[in-house]
Amino acid sequence: MKKIYLFPILLILICSCNQNPGNKATSTQEWIQLFNGKDLEGWTIKMCKHPLGENFNNTFRVENGMMVTRYDQYESFDGEYGHIFYKNPYSHYKLRVEYRIVGEQVPGGAGWAIKNSGVMFHAQSPESMLLDQEFPVSIEAQFLGGLGDGERPTGNLCTPGTNVVMDDKLITQHCINSSSDTFDGEEWVLFELVVNGDSIIHHLVNGDTVLTYEKPQVGGGSIPEGYPFPEGTNIPSGYIALQAESHAFDFRKVELLDLSLGMK
């Protein structure tokens with residue numbers, strides 16, 4: 001399979017842009033609807049153990065105007081972690097995702113995957129993932145639901161094959177909790193990202209900033225075999241993908257404001 005990696009091409013693009021995290025969109029810019037509300041046009045599926053483009057057991061689909069993940073065609077889950085990638089890579093942008101968690105986890109799903117999904121960003125291309133690769137090299141904004149027995153925040157940070165910097169320190173811990181509330185039910189949650197290339201990144205939940213970090217880079221223990229970029233390589237851009245990890249999710253909005261269009 002031809003492997004397509006993103007960073008060298010986008011390094012040229014990023015070097016030509018002002019990386020000031022305070023850049024703001026002009027009044028003429030409009031939000032791009034990554035999900036059109038009708039079908040999966042513009043998206044590519046990659047599921048672990050399955051070739052590019054195979055939507056195993058119809059996991060990703062559109063129902064009632066929503067992009068959803070479903071497991072009603074599974075007898076049990078056997079590590080078929082899935083990601084659906086939007087066609088274009090981005091560097092400086094705002095992203096909005098409205099999601100809710102529904103139903104029960106499919107039998108065979110891992111304990112940590114109960115009410116668990118997320119949006120991957122600054123991700124490697126789906127074409128470059130290995131057949132049995134569970135997660136793309138990326139930064140993950142993790143979506144978690146409460147279990148009715150205490151705090152379980154959402155909008156957390158996880159780092160498959162990556163590290164970040166917080167308070168001037170390199171963070172190698174795989175997941176960092178946000179300061180968000182816990183959402184135990186099936187209510188809709190608005191998650192937002194503000195991404196400034198390989199500079200400052202903010203997570204927001206229902207309008208509140210719940211996590212901030214910077215300098216996303218290759219690193220950690222989940223780098224796939226043959227990955228061409230060494231640890232410490234900055235990640236200024238990449239693809240956006242939604243996860244399927246064994247629990248059903250609904251996504252009714254996935255929209256993006258491209259901040260690079262307003263840069264000079």
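See the structure printed just above.
My aim in this report is to walk through the structure given alongside it, one point at a time. Since the model is a prediction, treat every value here as computed from it, not as a measurement.

### Some thoughts on the pairing of strand β14 (residues 200–205)
And then number 1: Pairing between strand β13 (residues 189–196) and β14: five bridges, direction antiparallel. Each bridged residue has a counterpart across the sheet, and for L193 the counterpart in β14 is H203.
And then number 2: Hairpin connection, β13 to β14: the antiparallel pair is bridged by three residues, and G197 has positive phi, about 55 degrees.
And then number 3: In the sheet, β14 pairs with strand β15 (residues 208–218) via six bridges, with the strands oriented antiparallel. Bridged to H202 within β15 is T212.
And then number 4: Following β14, the chain reverses through two residues before pairing antiparallel with β15; N206 in that reversal takes a positive phi of roughly 50 degrees.

### With respect to the sheet that holds strand β7 (residues 116–123)
And then number 1: Ordered by their spatial adjacency, seven strands build an open sheet running β2-β5-β16-β7-β8-β9-β12, and the pairing between neighbours is antiparallel. The sheet is open, and its two edges are formed by β2 (43–47) and β12 (175–176), each paired on a single side.
And then number 2: Sheet analysis places β7 next to strand β8 (residues 139–144), joined by six bridges and oriented antiparallel. Across the sheet, S117 pairs through a bridge with F143, a residue of β8.

### What about a negative patch on the surface?
And then number 1: Taken together, the side chains of E104, D149, D184, E186 and E187 make up a negatively charged region of the molecular surface.
And then number 2: By the secondary structure assignment, E186 is in the loop between β12 and β13.

### Some points on the packing of aromatic side chains
And then number 1: One pass over the structure, following the stated rule, counts 14 aromatic pairs.
And then number 2: When the ring of Y81 is compared with that of W112, the centres are 5.8 Å apart and the planes differ by 20 degrees; the resulting orientation is stacked. Residue Y81 is found in the loop between β4 (66–69) and β5 (82–86), and its partner W112 is found in the loop between β6 (92–101) and β7; the two are separated by 31 residues along the sequence.
And then number 3: According to the relative accessible area criterion, W112 is partly exposed, its value standing at 44%.
And then number 4: Ring geometry for Y81 versus F135: centroids 5.2 Å apart, planes at 35 degrees, classification tilted. Of this pair, Y81 sits in the loop between β4 and β5 while F135 is found in the loop between β7 and β8, placing the two residues 54 residues apart along the sequence.
And then number 5: Judged by relative accessible area, which is 8%, Y81 ranks as buried.
And then number 6: The ring of W188 carries the charged tip of R252 above its face, separated from the ring centre by 4.2 Å.

The rules behind the values
Residues numbered from 1 in each chain as written. Predicted model: local features only at pLDDT ≥ 70, side-chain atom pairs only at ≥ 80, totals over all residues. Heavy atoms only, no water. Pairing = 2+ DSSP bridges. Helix = DSSP H or I, 4+ residues; strand = E, 2+ residues; numbered from the N terminus. Patch = residues over 30% accessible without salt bridge, like charges linked within 9 Å, V, L, I, M, F, W, Y side chains within 5 Å. Areas by Shrake-Rupley, 256 points an atom, 1.4 Å probe, with all protein chains shown as cover. Salt bridge = Lys/Arg side-chain N within 4 Å of Asp/Glu carboxyl O. Lys, Arg positive; Asp, Glu negative; His and termini not counted. Charge placed at Lys NZ, Arg CZ, Asp CG, Glu CD. Phe/Tyr/Trp six-rings, centres within 6.5 Å; stacked < 30°, edge-to-face > 60°. Buried < 20%, exposed > 50% of the residue type's maximum accessible area, 1.4 Å probe, protein only. Lys NZ or Arg CZ within 6 Å of the ring centre and 35° of its normal.

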